[in-house]
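Residues per chain, in single letters:
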Amino acid sequence: MLKRMNKATSLLVAAAAIISIMPANAADYKKIDSQEGTIYNAMAYKDGKFYIDGEVNNKDESAYYLSNGKYNNLSNIDSGSSIKTYGSKYLDVQGEDHFIDLNNGSVTDDSIKENSQDDASAALRKNLKKDTDGRYDVTDAGTVKSLNGKQLTGNKFSDIWYGVQYAPKKATNGNTTSLNIYTNANGNYIDADYNIGSIKVTTTNGSTDKTTTISNTNDKYDGAGASDAISVSVVSNNSNVIGQDADYIYRSTKITVTSSNTGIKITKINGIDISGKSAFDTSVSGSVSFNVIQKISKAQASGNINGAKYANSVTNYIISQDNGNTLDSNHALLSNYTISNGKLINYTISGNSIKTQTITLSSKSSYYYTDVSDQSSDSAEVINSTLAVDTDANGNLWRLSSGYIYKWDNNKTWTKVYKVDGSFNKISVYDDNNIVAWNQSHEVYSVIGGQASTQTQTGNQTQTPVETTPIANKGWVKSNEGWTFYNASGNQLKGQWVNDGGVWYYIKADGIMATGWIKDGGNWYYLNGSGSMKTGWLNDNGTWYFLQPSGAMQTGWLNDNGTWYYLNGSGAMLSNTTINGYKLGASGAWIR
């Protein structure tokens, strides 16, 4: 789903020109006219706002802020300056100590980045000192740590999160010497190394089997025939974070489950018999290691560990096929990631080509794994060894090739969105409706979004906008009330389920996307914060529920990969009780 998408009033325009729309029977993409002028660098932003550096509209070389078709001369910014995005709205002008607020075009020489880092560091220190009651070394917890260079990887113009490490006060997480803390700009943090989600570990001791659910890296758990014999640890550091979206941080790491009792053998992980399965490393006696992608909630849990806050939820997706074997060579993970609508867009760039695949974080029964699509290898324009590839504010991947702007469909193919000048070799994308494409040496460009104008604003000069062409709503559109959905004909959907890219969403009767619990046709369903329908186990405020593959909430007895559980009439899993003579343990599993 496209986060922060423009409202229905968004406009699609070529700068200083009228868009020419191709007939519907000719193509699904739109043809964009070009404008003469030289762009050296540009950055697209939302609602028709852009940073443009160059000679545009027959005016002198300068840096401009384009909004509502009006070019504002940024006299404090030198043309040719390098730029980087910072936070949700800023451009950091490299080497000039200036920041441009892309919401309004204001320029400041205030130390926006340094001040934000200092404020976040001080707020984090205050919260850690207040919260910790033995989780972290007292001296380390009282240290104001530098956050310079600690910003976590995320989508363009997303809220900033940082990653820092603190020494533990006592042994935890496999006797690690540091624990990872992720914090936002306000110092609201999560301890990322405590909550391990739910890992079902089956152990064997002679003829005795036992399945235990492991939930954190601090406690020890019972194995077959022995107490406190099983523990788990996670190896990670900030460089392992591969992306984030509004609700979650994603990181690649390794998990190790260890048995301290030589008579206890680990035989299954999440219901998969690990014997002979290549995704599981059993080379170290008494332990099983496996690589995962963790989906870590940014929200804090209601509980704490020695006073410290930890993530409300963590899900571990084992990097493997659904049968426990490693990914084959045609689906091996690539080097770069962007996160879009809960899916991981995985790609690598080499020469003038980009190889792309989509990783869907999936589950089969209680086994969570990475479902990787077939790889697509495609070309893109290249200039000065830089490929014309960009990611937008919603995590979508774009490329420019042979006069077409393509968008990855978050499945396994590229979709043509715009037809532009065939010479274009650079691109900047905010979302579908805010794009700049250009060729500096050919002195031609197009601006998609906002309004076109033939005049430049300097001081109090007036402007004369030209006619614009509106875009028909299609797909997800953000309104003041929430997310809405329009079908291919531009009709808004209401009171029904929507399947978008293989993911189910529910649109309420008022046309707004649902989140949380809903009842439909006598069944209860749960929609994640992104609106996607949940399946499998769900921990909601400390209570476990199970959502069937159809999404419907389970009640009564449940056989989950050979282990029986009981869910009452409200769907809540029962534990430490007896149902019709069957005893349920602390994990909810029937004790045979």
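Just so we're clear, the structure is a prediction, and the values are computed from it rather than from any experiment.

The rules behind these values
Each chain has its residues counted from 1, running along the sequence as written. Under the rules for a predicted model, residues below a pLDDT of 70 receive no local features and side-chain atom pairs below 80 are neither given nor counted, while totals for whole chains, interfaces and linings still include all residues. Side-chain numbers here rest on the full set of heavy atoms in the structure, without hydrogens or water. If DSSP finds at least two bridges between two strands, the strands pair. For helices the rule is a DSSP run of H or I covering at least 4 residues; for strands it is a run of E covering at least 2, with both sets numbered from the N terminus onward. The angle between two axes is taken between their N-to-C directions and runs from 0 to 180 degrees, where each axis is a line fitted to C-alpha atoms and a helix contributes only its stretch in contact. Salt bridges are identified by distance alone: a Lys or Arg side-chain nitrogen within 4 Å of an Asp or Glu carboxyl oxygen. Per-residue accessibility, obtained with a 1.4 Å probe over protein chains only, is compared with the maximum for each type, and a residue is labelled buried under 20%, exposed over 50%, and partly exposed between these values. What marks off one domain from the next here is an automatic or database domain assignment. Accessible area that two parts lose when put together, evaluated with a 1.4 Å probe and summed over both, is termed the buried area. We define a polar contact as two N or O atoms separated by no more than 3.5 Å, with the added condition that, inside protein, one atom must be a possible hydrogen donor and the other a possible acceptor, whereas residues neighbouring each other in sequence contribute only through side-chain atom pairs. Gly counts as polar in this scheme, as do all residues outside two lists: the nonpolar Ala, Val, Leu, Ile, Met, Phe, Trp, Tyr, Cys and Pro, and the charged Asp, Glu, Lys and Arg.

## As for the sheet that holds strand 38 (residues 444-448)
Taking strand neighbours across the sheet as the criterion, the 4 strands line up as 3-38-37-36 in an open arrangement whose pairing is antiparallel. The open sheet has two edge strands with one neighbour each: strand 3 (35-36) and strand 36 (426-431).

## A word on the sheet that holds strand 11 (residues 106-108)
Strand order in the open sheet formed by 4 strands is 8-9-10-11, with antiparallel pairing between adjacent strands. Only two strands of the sheet have a single neighbouring strand rather than two, namely strand 8 (83-86) and strand 11. For this sheet, the mean angle separating the axes of adjacent strands, direction not counted, is 25 degrees. Strand direction decides the pairing type here: strand 10 (residues 98-101) and strand 11, joined by 3 bridges, are antiparallel. Bridge pairing in strand 11 links Asp-101 to Ser-106.

## A short note on the pattern of salt bridges
Scanning the model with the defined rule gives 11 salt bridges in all. A salt bridge links Arg-135 to Asp-191, with the nearest nitrogen and oxygen atoms 2.8 Å apart. Highlighted residues: Arg-135 in the loop between helix 1 (112-131) and helix 2 (138-141) and Asp-191 in strand 14 (residues 189-191), separated in sequence by 56 residues. Each member of the pair, Arg-135 as well as Asp-191, is classed as buried.

## A look at the domain arrangement of the chain
Accessible area lost during the coming together of the parts is what is often quoted as the interface size. For the chain, the assigned domains are domain 1 (31-113), domain 2 (131-318), domain 3 (336-448), domain 4 (472-534) and domain 5 (535-591). Computed over C-alpha atoms, the centres of domain 1 and domain 2 are 42 Å apart. Looking only at domain 1, the three residues that lose the most surface to domain 2 are Tyr-86, Gly-87 and Ser-88, adding up to 57% of its buried area. Viewed at the interface, domain 2 and domain 1 are joined by 0 salt bridges. At the junction of domain 1 with domain 2, the criterion picks out 0 residue pairs in polar contact (both at pLDDT 80 or more). When contributions to the side of domain 1 that touches domain 2 are tallied by element, the ones reaching two or more residues are strand 4 (38-44) and strand 8. A class-by-class count of the residues in the side of domain 1 that touches domain 2 yields 6 nonpolar, 3 polar and 1 charged.

## Points about the pairing of strand 38
Buried residues dominate strand 38, accounting for 5 of its 5 residues. What you see with strand 38 is no split at all: Val-444, Ser-446 and Ile-448 on one side and Tyr-445 and Val-447 on the other are buried throughout. Note: strand 3 against strand 38, 2 bridges, orientation antiparallel. Bridging from a neighbouring strand, Gln-35 pairs with Tyr-445 of strand 38. Pairing geometry for strand 37 (residues 434-439) and strand 38, over 5 bridges, is antiparallel.

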